Number of protein chains: 2
Amino acid sequence: MDKKIATIQDVARVAGVSTATVSRTLSKPTVVAAATREAVLNAVAETGYRINATASNLRRQRTGSVIVLLPNIANPFFAQILAGLSSILTPAKYGMLIADTQSGPDPDERLVHYLTSGQADGLILLDGSLSPDALKIPGRPPIVMACEWMGSDLPSVRVENGRGAAMAVGHFAQLGHRSVGHVTGPRGNVLAESRLEGFRSALTSLGLPLRHDWILEGDFSMDSGAAAANAWLAMEDRPTALFFASDEMAVGFMGVVQRAGYSVPEDVSIVGFDNIEIVQHLSPALTTIRQPRTQIGIRAAELLLRMIETGTLTGPSDLIEIEFIRRGSACPPPVGE
Amino acid sequence: MDKKIATIQDVARVAGVSTATVSRTLSKPTVVAAATREAVLNAVAETGYRINATASNLRRQRTGSVIVLLPNIANPFFAQILAGLSSILTPAKYGMLIADTQSGPDPDERLVHYLTSGQADGLILLDGSLSPDALKIPGRPPIVMACEWMGSDLPSVRVENGRGAAMAVGHFAQLGHRSVGHVTGPRGNVLAESRLEGFRSALTSLGLPLRHDWILEGDFSMDSGAAAANAWLAMEDRPTALFFASDEMAVGFMGVVQRAGYSVPEDVSIVGFDNIEIVQHLSPALTTIRQPRTQIGIRAAELLLRMIETGTLTGPSDLIEIEFIRRGSACPPPVGE
DNA sequence: GTGAAAGCGCTAACAT
DNA sequence: ATGTTAGCGCTTTCAC
């Protein structure tokens, strides 16, 4: 009953070989003789030895883990991206360190910290609001963006946000709507801006009116969707259709208007963005733009691993296709309005 | 323009002191003379030096990170616990490694792996289905359970699951329901079992009938709630009230029955469990049992850090209070049924 | 208050 | 095929 953890020395002693042989047996078993290998493995079993990752990493000048920096873990949107990341990182024997830019003081500072502390072999950025100064840090590990980031040429995996907005507007137009509004994401957020821009240009190219009072500012949250609903209810002249920059906001909106006695889609048509799991279970089920989040994670992880292995700081960016999902929350506008 | 990362040696040379002094300046600044300290800090700034965490950890025989083992990251339920954990771990300068037992082969094996690989100073377990053999591993780091685990006396942070179920049943009884059913979590899951047990004993103690065909097996997911709805719709003799072991299942159920033309709560009263964010935005808003998930994370992290710092493998368990949240998804049963 | 020196546990040349 | 040896970059006695 050993209370101490065995080191490679202990194994070597028990097996009657050198530490180098033990190390080799564990990393490239084919290069040691079968008999030796067996002796070593027995000794490993007997002592309960396990490689000390810290020592190994120090020696090999790597860390075996990847840091994922995101704005807010509690946001379920990121959870699926994390699942995608994990499905690649884990089999590749990389640990996944999660850092929430919210739970520290200065987010930019933390980015720099992780980039320089040598705690990870690579970094995945899910927070599009960080400053690009990081790129200049000498000796920094490879970075992959899994969202848009203005004015940076980091390798990234992203989604056709503008086209998603255009799909939503196109759908409304096809149904006969002419008064269509938009509930945006937070100002300054790159995703929000792309969707807003896509919304604007789609309206213009379809010859539909672009009214500023029909563009409501949200922040992707359900609460902000509920707030938008109250604003909509208070309007004199309401749009008959509304495109939301996130499903969450659409859900918040729907809850409020339904409780106020309005019906979706008969009184308002709505389209969301993301296709979060829940929206197919609502009544009506939400028409939305699907972003394959697991896929985003998978691609980002693959890209990063390739960069780590080849030792490059650049790589091909990846554009992931979105998909329009027609469900029950949009129909032709009410007549006589 | 340095392309290399500076080591403590570089700083020592630039500052004209020994590496020991540099190290001291950075860890206990008060023991070095003010003048020396300044020289060192200048050298640090000049070289862009940052402590190499791996080397530091090897020397100090610690890792500076904590592993969180959970069944499925994509489940938003865990996301909030993670946020709570992060809010404590980050300021305490601990990294948070997330491991998903789904993305590897054998979950138990992975637990053992993390326990023995020396990759973390402590471990937080969110997966109640792992085998308790882990406890016997010599030299293992401290573990905190943030959920129930049968027959283990690990320090834990948990929630009054049974009482939650009893609250739900009590509420139904008070509204006049006599036919109440339950949609369970996955068989074998400890949370699911506790809630089921709480449900059963509450029925009994209130003198309500316990019917096996009114206990539907689910797995916490929305899809399984939808499946339960179909089962309910197909019943000859339906319960007028249903307690769900998770909010997600309640949401899935509600979507299906509403689209089938039934109304909640007029046709069925339902109560969920968890109080996930969305349920207040549904119509009707869901009556449920609130579990303070962020709080669970915070307490678990605090407990673990205390154990790490004091070097103990035991600690006080913590029971977190739940709260009944009455909203609009339960009302008296329809008359004449 | 500061420096010299000894490792933490491991891996990878280099020898044999 | 195996052993010897020299560190990876840091912290921490132990002297001074």
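In the nomenclature of an unreviewed UniProt entry, chain A is known as LacI family transcriptional regulator of Pseudooceanicola atlanticus.

Novice: Can you tell me about the protein's contact with DNA strand C, naming the residues and giving the values?
Specialist: Lining the immediate surroundings of DNA strand C are 25 residues, of which Ile8, Tyr49 and Arg59 of chain A together with Thr21 and Thr36 of chain B lie closest. The sugar-phosphate backbone supplies 63% of the atoms of DNA strand C found within 4 Å of the protein. Here Ser23 of chain A contributes a side-chain N or O atom positioned 2.8 Å from a phosphate oxygen of DNA strand C. Measuring from a base nitrogen of DNA strand C, one finds a backbone N or O atom of Ala55 of chain A at 3.3 Å. Elements with a minimum of two residues in the surface near DNA strand C: helix 2 (19–27) and helix 4 (53–60) of chain A together with helix 2 (19–27) and helix 4 (53–60) of chain B. Tallying contributions element by element places helix 4 of chain A first for the surface near DNA strand C, with four residues. Considered class by class, the residues forming the surface near DNA strand C number 11 nonpolar, eight polar and six charged.

Novice: Report on helix 4 of chain B, specifying residues and quantitative values.
Specialist: Among all positions of helix 4 of chain B, only Ala53, Thr54 and Asn57 of chain B are buried. An end-on view of helix 4 of chain B places all buried positions within 95° of arc, on one side of the element. In the core, the buried residues of helix 4 of chain B are packed alongside helix 4 of chain A. Among the residues of helix 4 of chain B, the N-terminal cap falls to Asn52 of chain B, whose side-chain oxygen and the backbone nitrogen of Thr54 of chain B are separated by 2.8 Å. Once helix 4 of chain B ends, the next one or two residues include Gln61 of chain B, with phi positive near 55°.

Novice: Give a detailed account of the relation of the copies chain A and chain B, specifying residues and quantitative values.
Specialist: There are two copies of the chain, and a rotation about an axis plus a shift along that axis relates them. If you rotate chain A by 180° and push it 0.1 Å along the axis, it lands on chain B with an RMSD of 0.2 Å. In symmetry terms, the pair is related by a two-fold rotation axis. Across chain A, the smallest distance between a C-alpha and the rotation axis is recorded for Leu97 of chain A, namely 2.2 Å. Of all interface residues in chain A, 100% are interface residues in chain B too; the two copies therefore contact each other through one and the same surface.

Novice: Which residues make up the nonpolar core, and what values do they have?
Specialist: Among the nonpolar cores identified, the biggest contains 97 residues, and Leu85 of chain A together with Leu85 of chain B are the most heavily contacted of them. With nine residues, helix 11 (residues 293–310) of chain B is the largest single contributor of residues to this core. Beyond its immediate stretch of four places on either side in the chain, Leu85 of chain B contacts Val68, Met96, Ile124, Gly297, Ile298, Ala300 and Ala301 of chain B. Core analysis: the second largest hydrophobic core is formed by 94 residues, Ile278 and Leu286 of chain A together with Ala245 and Ile270 of chain B among them.

Novice: I'd like a rundown of helix 8 (residues 190–206) of chain A, residues and numbers included.
Specialist: For an α-helix the count is 3.6 residues per turn, leaving residues at separations of three or four pointing the same way. Residues and elements named next belong to chain A. Counted at 1.5 Å a residue, the expected span for helix 8 with its 17 residues is 24 Å, and the 24 Å between its end C-alpha atoms agrees. Every buried residue of helix 8 is accounted for by Val190, Leu191, Ala192, Ser194, Arg195, Leu196, Gly198, Phe199, Ala202 and Leu203. Contacts made by the buried residues of helix 8 are with helix 7 (161–175), strand 6 (180–184), strand 7 (215–217) and strand 8 (241–244). Where helix 8 begins, the capping side chain belongs to Asn189, and its oxygen is found 2.8 Å from the backbone nitrogen of Leu191. At the exit of helix 8 stands Gly207, carrying a positive phi of roughly 75°.

Novice: Before we move on, could you go through the UniProt feature "domain: HTH lacI-type" (unreviewed entry) in chain A and cite the residues and values that matter?
Specialist: According to UniProt, the "domain: HTH lacI-type" (unreviewed entry) feature falls on residues 6–60 of chain A. Secondary structure across residues 6–60 of chain A comprises 71% helix and 0% strand; the distance between its end C-alpha atoms is 21 Å.

Novice: Talk me through the environment of Leu305 of chain B; I want residue IDs and the actual numbers.
Specialist: All names here are of chain B. By the element assignment, Leu305 lies in helix 11. For Leu305, a relative accessible area of 8% corresponds to the buried category. Considered as a pair, Leu305 and Val144 are 161 residues apart in the sequence and their alpha carbons are 9.8 Å apart. Setting aside anything within four residues of it in sequence, one finds Leu305 in contact with Ile88, Leu89, Ala92 and Tyr94.

Calculation notes
Residues numbered from 1 in each chain as written. Chains lettered and ligands numbered in written order. Predicted model: local features only at pLDDT ≥ 70, side-chain atom pairs only at ≥ 80, totals over all residues. Heavy atoms only, no water. Near = heavy atom within 4 Å. Polar contact = N/O pair within 3.5 Å; in protein donor to acceptor, adjacent residues only side chain to side chain. Helix = DSSP H or I, 4+ residues; strand = E, 2+ residues; numbered from the N terminus. Nonpolar A, V, L, I, M, F, W, Y, C, P; charged D, E, K, R; others polar. Buried < 20%, exposed > 50% of the residue type's maximum accessible area, 1.4 Å probe, protein only. Arc of directions from axis to C-beta. Contact = heavy atoms within 4.5 Å. Least-squares fit on C-alpha atoms with pLDDT ≥ 70 in both. Core = buried A, V, L, I, M, F, W, Y, C linked by side-chain atoms within 4.5 Å. Expected span 1.5 Å × (residues − 1). UniProt positions renumbered as here; feature names shortened; annotations may be inferred.

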